[in-house]
Amino acid sequence: MPDLFQALMHAIVGQQISMAAQRTIWGRLCGLLGAVTPESLLARPASEVQALGLSLRKVDYMRGIALQVVSGELDLQETAGLEDAAVCRRLAALRGIGVWTAEMLLLFCLQRPDILSYDDLAIRRGLRMLYRHRELPRERFERYRRRFSPYGSVASLYLWAIAGGALPGLDDPADRGRPGKSARAAKAAQAGAADRGKPARRRR
């Protein structure tokens, strides 16, 4: 989804719901608006957009971003041309968009090559599994970020696969000694890793 406004709207639609529900609601939104643009969104009453299956809060987030774009307060074309850290700061400052979502937009929408998100639980799990850490504090994570740079996005794809069970012989050392924890965490990681490409389930 290379259009940054559409990607932002898609991210908000998908917060705290399943991928299947996101696809359904997004299809309804596209059917209602035709092209998902700031102008087409604002042309419809908030209640009509909410009736598609969206919460009032999500509609407020979406309309708020659309208003900023239309007013010129937010220039998404300019934003897309900034360096990674600047894009992340600008997008994460928007209501309804957190750092994790901004990083996923950098990776999947803007296709930046060096994105490795500390806030992504499956990425951290993949690192623990691959390098056998029981804990992965930010300082250690940053060392891996530097090691993988400038190919952090490729590393993210592999780590999601590992967290999702691509290497069955690997467990997560953080799960050891926690009865029932390993199976639950593995299932959650598989679901999360499979869900990559869908910006945030929740604001982070």
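The rules we used
- Residues numbered from 1 in each chain as written.
- Predicted model: local features only at pLDDT ≥ 70, side-chain atom pairs only at ≥ 80, totals over all residues.
- Heavy atoms only, no water.
- Patch = residues over 30% accessible without salt bridge, like charges linked within 9 Å, V, L, I, M, F, W, Y side chains within 5 Å.
- Areas by Shrake-Rupley, 256 points an atom, 1.4 Å probe, with all protein chains shown as cover.
- Salt bridge = Lys/Arg side-chain N within 4 Å of Asp/Glu carboxyl O.
- Buried < 20%, exposed > 50% of the residue type's maximum accessible area, 1.4 Å probe, protein only.
- Axes fitted to C-alpha atoms, helices over the stretch in contact; angles between N-to-C directions.
- Helix = DSSP H or I, 4+ residues; strand = E, 2+ residues; numbered from the N terminus.
- Parallel < 35°, antiparallel > 145°, perpendicular 65-115°, else oblique.
- Left-handed = near helix turned anticlockwise from the far one by under 90°.
- Contact = heavy atoms within 4.5 Å.
- Nonpolar A, V, L, I, M, F, W, Y, C, P; charged D, E, K, R; others polar.
- Phe/Tyr/Trp six-rings, centres within 6.5 Å; stacked < 30°, edge-to-face > 60°.
- Lys NZ or Arg CZ within 6 Å of the ring centre and 35° of its normal.
- Core = buried A, V, L, I, M, F, W, Y, C linked by side-chain atoms within 4.5 Å.

Next up on the list: a nonpolar patch on the surface. Together, Tyr151, Val154 and Tyr158 line one region of the surface with nonpolar side chains, adding up to about 370 Å² of accessible area. The exposure class assigned to Val154 is partly exposed, which follows from its relative accessible area of 43%.

The subject of this paragraph is the pattern of salt bridges. Tallied over the full model, the rule gives 10 salt bridges. With its nearest N and O atoms 3.0 Å apart, the salt bridge here joins Glu48 to Arg44. Among the residues examined, Arg44 registers a relative accessible area of 30% and is labelled partly exposed. Linking Arg132 and Asp171 is a salt bridge whose minimum nitrogen-to-oxygen distance equals 2.4 Å.

Quick look at the packing of helix α7 (residues 84-92) against helix α8 (residues 99-109) now. Where α7 meets α8, the closest approach of the two axes is 8 Å, and the angle between their N-to-C directions is 130°. Viewed along their axes, α7 and α8 adopt a mutual orientation that is oblique. Taken as a pair, α7 and α8 cross one another with a handedness that is right-handed. On α8, the residues touching Asp84, Val87, Cys88, Leu91 and Ala92 of α7 are Val99, Ala102, Glu103, Leu105 and Leu106. Among the residues making up the contact of α7 with α8, the classes are represented as 8 nonpolar, no polar and 2 charged.

All right, on to the packing of aromatic side chains then. In this description, a pair of aromatic rings is defined by centroid distance and the angle of the planes. The final tally for this structure, using the stated rule, is 4 aromatic pairs. Ring geometry for Phe108 and Trp160: centres 5.9 Å apart, planes at 15°, overall stacked. Highlighted residues: Phe108 in helix α8 and Trp160 in helix α11 (residues 152-163), separated in sequence by 52 residues. The partly exposed category is assigned to Phe108, whose relative accessible area is 28%. Taking 4.5 Å as the distance between ring centres and 25° as the angle between the ring planes, the aromatic pair formed by Tyr131 and Tyr144 counts as stacked. A residue pair is termed long-range when its members are at least 10 positions apart, and Tyr131 in helix α9 (residues 121-131) and Tyr144 in helix α10 (residues 138-148) qualify at 13 residues. Under the relative-accessibility criterion, Tyr144 is labelled buried at 7%. Grouped by ring-pair contacts, the aromatic residues Tyr131, Tyr144 and Phe148 constitute a single cluster. Residue placement shows Arg124 over the ring face of Tyr118; its charged tip is 4.5 Å from the ring centre.

Once that is clear, we can look at the nonpolar core. Soluble globular proteins: nonpolar side chains tend toward being buried together. Counting residues in hydrophobic clusters, the biggest one holds 55 residues, and the most contacted among them are Leu8, Met9, Leu29, Ile65 and Leu91. Looking at this core, the elements with two or more residues in it are α1 (4-13), α2 (19-33), α5 (56-71), α7, α8, α9, α10 and α11. Setting aside chain neighbours within four positions, we find Leu91 in contact with Leu4, Leu8, Thr79, Ile97, Ala102 and Leu105.

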